[in-house]
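# Architecture and fold: a report
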Amino acid sequence: MPYGRQLADRVLDAVNAHDLDRLAACYDRHAVLATPLGVCEGREPIAGYWKGLFEGFADLALTVWNRVECAEPGFNEWMMTGTQTGTFPLPDVVADASGRRITLRGCGVFHTKNGLVAAHRHYFDLLELYCQLGFSLDLD
């Protein structure tokens, strides 16, 4: 039965292949994915989250630069890169395709249940994403 470390690697491989079916198969049907963009509960909404990323960033890739070698939880630190070639929903606006390149540092934590991802926390700096997509803070 796969543990968090193994499932983290499977999710990463499926993300980099942009394979929604393989991604969905990694998650329990009641799994929860918490990200700076929102919380998804259930396999289908989680697949929808990844689909939105792939549609917004056709060349999206996660490059792991640190992985903790323990069975549970699975933990990766990574760099997410991509070019915004499609629309992308943010918490308060839908960003039109900008052609801008993003490079975000982040990490993911994976907890398992019955050989599937039961809880996945995906951390990155949302303000950094907004800025890289060309948004600015209006402090007035």
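Residues numbered from 1 in each chain as written. Predicted model: local features only at pLDDT ≥ 70, side-chain atom pairs only at ≥ 80, totals over all residues. Heavy atoms only, no water.

### A few points about the state of the cysteines
Such a bond, covalent and formed between the sulfur atoms of two cysteines, is termed a disulfide. Scanning the model with the defined rule gives zero disulfides in all. Summary of cysteine pairing: C40 is not part of a disulfide, and the nearest cysteine sulfur, belonging to C26, is at 15 Å. Classification of C40 by relative accessible area gives buried; the value is 12%. Between C131, a free cysteine, and C107, which holds the nearest cysteine sulfur, the sulfur-to-sulfur gap is 20 Å. (Disulfide = S-S within 2.5 Å. Buried < 20%, exposed > 50% of the residue type's maximum accessible area, 1.4 Å probe, protein only.)

### Digging into the side chain of N76
Here N76 is to be found in strand 4 (residues 74-83). Filtering out sequence-adjacent residues up to four positions away, N76 remains in contact with R5, A8, V64, N66, R67, G106, C107, G108 and F110. (Helix = DSSP H or I, 4+ residues; strand = E, 2+ residues; numbered from the N terminus. Contact = heavy atoms within 4.5 Å.)

### Details of helix 3 (residues 43-56)
Owing to its 3.6 residues per turn, the α-helix brings residues three or four apart onto one side. Over its 14 residues, helix 3 extends 20 Å from the first C-alpha to the last, a length consistent with the 20 Å expected when each residue adds 1.5 Å. Listing the buried residues of helix 3 in full gives I46, A47, Y49, W50, G52, L53, F54 and G56. (Expected span 1.5 Å × (residues − 1).)

### With respect to the pattern of salt bridges
Tallying each qualifying case throughout the model produces three salt bridges. With its nearest N and O atoms 3.8 Å apart, the salt bridge here joins K51 to E55. Placement of the pair is K51 and E55 together in helix 3, with a separation of four residues, close to one helical turn. In this structure, the salt-bridge partner of D59 is R101, at a minimum N-O distance of 3.0 Å. Remark: R101 occurs in strand 7 (residues 101-113) and D59 occurs in the loop between helix 3 and strand 3 (61-68); sequence separation between them is 42 residues. (Salt bridge = Lys/Arg side-chain N within 4 Å of Asp/Glu carboxyl O.)

### Observations regarding the pairing of strand 1 (residues 27-35)
In this sheet, strand 8 (residues 116-124) lies alongside strand 1 in parallel orientation, the contact comprising four bridges. By the bridge assignment, V32 is partnered in strand 8 with A119. As defined by bridge partners, strand 1 adjoins strand 2 (residues 38-41) across four bridges and the pair is classed as antiparallel. Its bridge partner lying in strand 2, T35 is registered against G38. Joining the antiparallel neighbours strand 1 and strand 2 is a turn of two residues. (Pairing = 2+ DSSP bridges.)

### A word on the environment of V39
Positionally, V39 belongs in strand 2. On the basis of relative accessibility, which here comes to 55%, the residue V39 falls in the exposed class. For the pair V39 and Y49, spaced 10 residues apart in the sequence, the C-alpha separation amounts to 9.2 Å. The contacts of V39, once residues within four sequence positions are left out, are V32, L33 and A34.

### Side note on the nonpolar core
Within the largest apolar cluster, 34 residues are counted, with the highest numbers of intra-cluster contacts made by Y27, W50 and L129. Within the residue set of this core, elements represented by two or more residues are helix 1 (4-17), helix 2 (20-26), strand 1, helix 3, strand 4, strand 7, strand 8 and helix 4 (126-132). Per element, the largest residue contribution to this core is six residues, and it comes from helix 1. Not counting chain neighbours up to four residues away, the residues in contact with W50 comprise V15, L20, L23, Y27, L33, H120 and H122. (Core = buried A, V, L, I, M, F, W, Y, C linked by side-chain atoms within 4.5 Å.)

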